Each structure stands twice: as structure tokens, then as C-alpha cells.
Amino acid sequence: MRLILAIVQDKDSNRLSDALTEENFKSTKLSSSGGFLKEGNTTLMIGCDDDDIDRALEIIKDNCSHREQMVAPISPMGGNADSYIPKPVKVEVGGATVFVLPVDAFHQF
Amino acid sequence: MRLILAIVQDKDSNRLSDALTEENFKSTKLSSSGGFLKEGNTTLMIGCDDDDIDRALEIIKDNCSHREQMVAPISPMGGNADSYIPKPVKVEVGGATVFVLPVDAFHQF
Amino acid sequence: MRLILAIVQDKDSNRLSDALTEENFKSTKLSSSGGFLKEGNTTLMIGCDDDDIDRALEIIKDNCSHREQMVAPISPMGGNADSYIPKPVKVEVGGATVFVLPVDAFHQF
Ligand code: NI
Ligand code: NI
Ligand code: NI
């Protein structure tokens with residue numbers, strides 16, 4: 001048994017959580033912020049048999065990897081909206097920081 | 001020294017926290033949700049001397065075990081309230097998922 | 001690699017978090033409450049190379065140690081405000097409870 005702590009972006013957390021559930025991994029979300037990733041992140045605790053760690057990590061990687069997205073910028077306030085042509089900008093999203101912790105004992109009551 | 005992570009239902013968390021305090025266990029609550037248990041759960045972190053783990057687990061078991069309760073259902077909306085006889089329904093409540101983690105070092109400043 | 005869990009008072013958490021960032025420690029905040037410290041605490045998770053643990057602990061100690069402060073008390077409600085001379089009172093603030101956890105594996109995606 002291991003305990004996986006995965007710190008992911010809020011926007012990726014529901015997709016990750018669903019993907020984990022589909023393969024019968026049990027997870028709990030802790031609300032967290034700052035630091036490892038930009039503001040608005042979530043920490044998932046995932047209880048995991050030793051044999052299933054590689055699969056769990058794969059699911060995290062598939063759903064939360066660091067990637068770049070093109071985003072339409074907000075038009076500038078007070079600017080001349082007619083002459084403003086929005087140019088998509090590249091933003092970095094996603095990313096996961098993952099700690100795998102040893103577990104001495106696991107109980108369910 | 002061990003760190004116990006106990007994921008319990010919100011409704012059990014205050015009772016558990018009080019019971020732990022009564023026996024001088026120190027605990028901290030993390031707000032958490034979903035996954036291991038139905039929505040609305042709380043994760044307690046409990047610092048614990050090795051000799052006291054069994055007692056801490058017993059307190060968790062006593063206060064948060066999975067159990068069944070008879071609950072009076074809400075009367076159906078729009079139904080004929082006069083002729084409606086509420087029949088108690090069985091619901092599953094409680095339950096605790098517990099990880100006992102090894103601790104390398106413990107400090108208080 | 002170790003995972004440091006530091007439970008500190010809310011009022012110390014931003015200063016600690018900034019001090020950690022300045023020295024390139026990555027941390028994530030979990031909102032927490034009660035127990036180890038008075039109400040209103042924050043749990044910081046700090047990922048840390050083995051060689052850097054002593055420095056991380058020093059930063060926590062420097063920014064969150066238990067200390068006493070003199071505070072001007074609120075004037076008593078309904079009392080005679082004219083004749084009331086506020087006497088500063090000593091209050092205990094700060095303090096940190098710190099668990100250093102072993103880590104089996106660390107990943108960034
Ligand atoms: Ni990048
Ligand atoms: Ni059942
Ligand atoms: Ni003191």
C-alpha cells in the first residue's frame with residue numbers, strides 16, 4: 001500500500017478524479033493553493049496497492065501533464081473594441097507534482 | 001512517532017475530534033471532499049506516539065464506523081401531504097479510511 | 001527527498017511561504033483548522049531534498065516560532081469608556097508542528 005499525493009491544477013482535478021474512479025482508484029481531494037503550481041490547485045490523496053502505482057501515475061500523467069494552450073485574450077478595457085483584433089496567446093497549463101509515500105498500515109472501519 | 005490520516009464523514013468529524021482531544025491526541029482537520037467516502041468528508045491528521053496507535057485507531061473506529069441509520073424521508077414535493085405516511089428508510093452513514101504513515105522526524109517550534 | 005508537513009498559524013503562513021519561496025523551496029498550502037494549534041491554521045506541504053531539510057526547518061522556526069505578544073485589549077462593551085484605561089495583555093502566538101515524512105518516489109509531469 002502506498003499513498004500518492006498529487007498536486008494538480010483545479011481545472012484538471014475533476015477529469016483526473018473521474019479517470020481514477022473509472023479504474024477503481026479511490027481518491028480524496030484536499031483544497032490547496034499556491035507554491036508548487038500556480039494559484040488554484042487541488043491535492044488528491046490516492047490510496048494505492050503497490051502493484052497499481054505505475055498505472056495510477058500514468059493516469060495522472062495522461063490527465064494533468066504540463067502543456068501549452070492557445071487562449072484568446074480578453075479585449076483591453078476602454079480600448080476601441082471595433083479596431084481590436086484578438087491575437088491568441090500561448091499559456092502554460094496543467095502540470096502535476098506527485099509524492100508517493102510509504103504506508104505502515106491501512107484500515108477501513 | 002506516526003502520522004495517522006483519517007478520512008471520515010463531516011458529521012462524524014467533530015465527535016471524533018473531541019474524543020481524540022479528551023485522550024490528549026492532537027489532531028488537525030483538512031477540508032476534503034469526494035472519493036473514498038461520499039461527498040462531505042474531512043481528513044484528520046493525528047500525530048501519534050508508536051505506543052498509542054492502537055488506542056487512536058480504536059477511537060476512530062468507535063466514532064466513525066460504517067453503520068446503518070433509519071431516516072424519516074422528506075415528504076414528496078407536490079404530493080398529497082395529508083395521505084402521505086413517511087416510512088423510515090435505511091441509509092448508510094459513517095465509515096473511515098485510515099492511513100498510518102511513518103515519520104522521519106517530528107518538531108515543535 | 002522528504003515531504004515536510006508544517007502546521008502553522010494563519011497569520012504566519014504567508015510570511016513562511018514567502019521566505020520558503022525566496023530560497024527556492026516549493027510549498028503548497030492546505031487549509032486546515034483546530035487541534036495542534038488554536039483555530040485558524042494552515043498546513044504547508046514542502047517538498048525537500050534530503051540535504052535541504054535542516055535549512056527548511058530553520059526557515060520554519062524563524063518565521064513561526066511560539067512567542068508572546070503584548071496586545072491592546074478591546075474596551076469592555078457597555079463599560080464607561082471615559083474611565084477605561086486599556087492595559088496591554090500578553091497573548092501567545094505562533095508555533096509550528098512539523099512532520100518530516102519519507103518519500104518513496106517523486107514525479108513531475
Ligand atoms: Ni513549460
Ligand atoms: Ni454497508
Ligand atoms: Ni508559551
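Going by the structure above, here's the rest.
Here the residue numbering is sequential within each chain, running from 1 through the sequence in written order. To read the labels, note that chains go from A and ligands from 1, taken in the order they are written. In keeping with the predicted nature of the model, local features appear solely for residues at pLDDT of at least 70, side-chain atom pairs appear and are counted solely at 80 or more, and the whole-chain, interface and lining totals rest on all residues. Excluded from the side-chain calculation are hydrogens and water; included are all heavy atoms of the structure.

## Overview of the interface of chain A and chain B
Contact criterion: two residues are considered in contact whenever any of their non-hydrogen atoms come within 4.5 Å of each other. Contact residues are listed per partner, giving 20 residues for chain A and 25 residues for chain B. Of the roughly 1800 Å² buried between chain A and chain B on both sides combined, carbon and sulfur atoms contribute 65%. Whenever a carboxyl oxygen of Asp or Glu lies within 4 Å of a side-chain nitrogen of Lys or Arg, that contact is scored as a salt bridge. Linking chain A with chain B are 1 salt bridge, by the criterion used here. Measuring nitrogen to oxygen at the nearest pair gives 2.3 Å for the salt bridge that ties Arg2 of chain B to Asp104 of chain A. Here a polar contact means two N or O atoms within 3.5 Å. Within protein one must be a hydrogen donor candidate and the other an acceptor candidate, and residues neighboring in sequence count only if both atoms are side-chain atoms. On the surface where chain A and chain B come into contact, there are 6 residue pairs in polar contact (both at pLDDT 80 or more). Only strand 2 (26–33), strand 3 (41–48), strand 6 (96–102) and strand 7 (105–108) of chain A provide two or more residues apiece to the side of chain A that touches chain B. The way it works is that DSSP assigns letters per residue, a run of H or I at least four long becomes a helix, a run of E at least two long becomes a strand, and they are numbered from the N terminus. A per-element tally of the side of chain A that touches chain B places strand 2 of chain A first, with 6 residues. Under the grouping applied here, Gly and all other residues not named as nonpolar or charged are polar, the nonpolar ones being Ala, Val, Leu, Ile, Met, Phe, Trp, Tyr, Cys and Pro and the charged ones Asp, Glu, Lys and Arg. Looking at the side of chain A that touches chain B residue by residue, the classes come out as 11 nonpolar, 6 polar and 3 charged. In this description, buried area is defined as the sum, over both parts, of the accessible area (probe of 1.4 Å) that is lost when the two are combined.

## Considerations on the coordination of the nickel ion (ligand 2)
Residues and elements named next belong to chain B. All of the protein donors around the nickel ion (ligand 2) are His66 (NE2) and Glu92 (OE); their distances to the metal are 2.1 to 2.2 Å. Placement of His66 in the loop between helix 2 (53–64) and strand 4 (67–71) and of Glu92 in strand 5 (residues 89–93) is noted, with a sequence separation of 26 residues between them. Accessibility expressed as a relative area gives 46% for Glu92, which makes it partly exposed. Coordinating donors are taken to be N, O and S atoms lying within 2.8 Å of the metal, or within 3.2 Å when the metal is Na, K or Ca; because water is excluded from the atom set, some sites may appear incomplete. Accessibility here uses a 1.4 Å probe with only protein chains present; expressed as a share of the type maximum, an area under 20% marks a residue as buried, one over 50% as exposed, and anything in between as partly exposed.

## Section: the relation of the copies chain A and chain B
The atoms used to superpose the copies are C-alpha atoms, taken from residues with pLDDT of at least 70 in both, and the fit is least squares. Take chain A, turn it by 120 degrees, move it 0.0 Å along the axis, and it overlays chain B with an RMSD of 0.1 Å. On the angle and the small slide along the axis, the relation comes out as a three-fold axis. Taken together, the interface assignments show that only 20% of the residues at the interface of chain A recur at the interface of chain B, consistent with different surfaces on the two copies.

## Comments concerning the nonpolar core
Side-chain atoms within 4.5 Å link the members of a nonpolar core, which is a set of buried Ala, Val, Leu, Ile, Met, Phe, Trp, Tyr and Cys residues. Leu3 and Leu101 of chain A, Leu3 and Leu101 of chain B together with Leu3 and Leu101 of chain C are the most contacted members of the largest nonpolar core, which totals 24 residues. Going through the elements one at a time, strand 1 (2–9) and strand 6 of chain A, strand 1 (2–9) and strand 6 (96–102) of chain B together with strand 1 (2–9) and strand 6 (96–102) of chain C are the ones with two or more residues in this core. Sequence-distant contacts of Leu3 of chain C, defined by excluding residues within four places in its chain, comprise Leu5, Phe99 and Leu101 of chain A together with Met45, Ile46, Gly47, Phe99, Val100, Leu101 and Val103 of chain C.

## Considering the side chain of Ser13 of chain B
Residue position: Ser13 of chain B is located in helix 1 (residues 10–22). Using a relative accessible area of 4% as the deciding quantity, one classes Ser13 of chain B as buried.

## Digging into the packing of helix 1 (residues 10–22) of chain C against helix 2 (residues 53–64) of chain C
Packed helix pairs are characterised by how far apart their axes lie and by the angle those axes make with each other. All names here are of chain C. The convention used is that axes are lines fitted to C-alpha atoms, helices contributing only their stretch in contact, and that angles between N-to-C directions extend from 0 to 180 degrees. Between helix 1 and helix 2, the least distance of the axes is 9 Å, while the angle of their chain directions is 145 degrees. Between helix 1 and helix 2 lies a crossing whose hand is right-handed. In this structure, helix 1 uses Asp12, Arg15, Leu16, Ala19 and Leu20 to contact helix 2, whose residues at the interface are Ile59, Ile60, Asn63 and Cys64. Handedness of each helix crossing follows the sense of rotation of the near helix against the far helix: counterclockwise by less than a right angle gives left-handed, clockwise gives right-handed.

## Let's talk about the side chain of Asp12 of chain C
Residues and elements named next belong to chain C. If you trace the backbone, Asp12 turns up in helix 1. Among the polar contacts listed, one links the side chain of Asp12 to the side chain of Arg67, at a separation of 2.8 Å. Setting aside residues up to four positions removed in sequence, Asp12 forms contacts with Asn63, Cys64, Arg67, Gly94 and Gly95.

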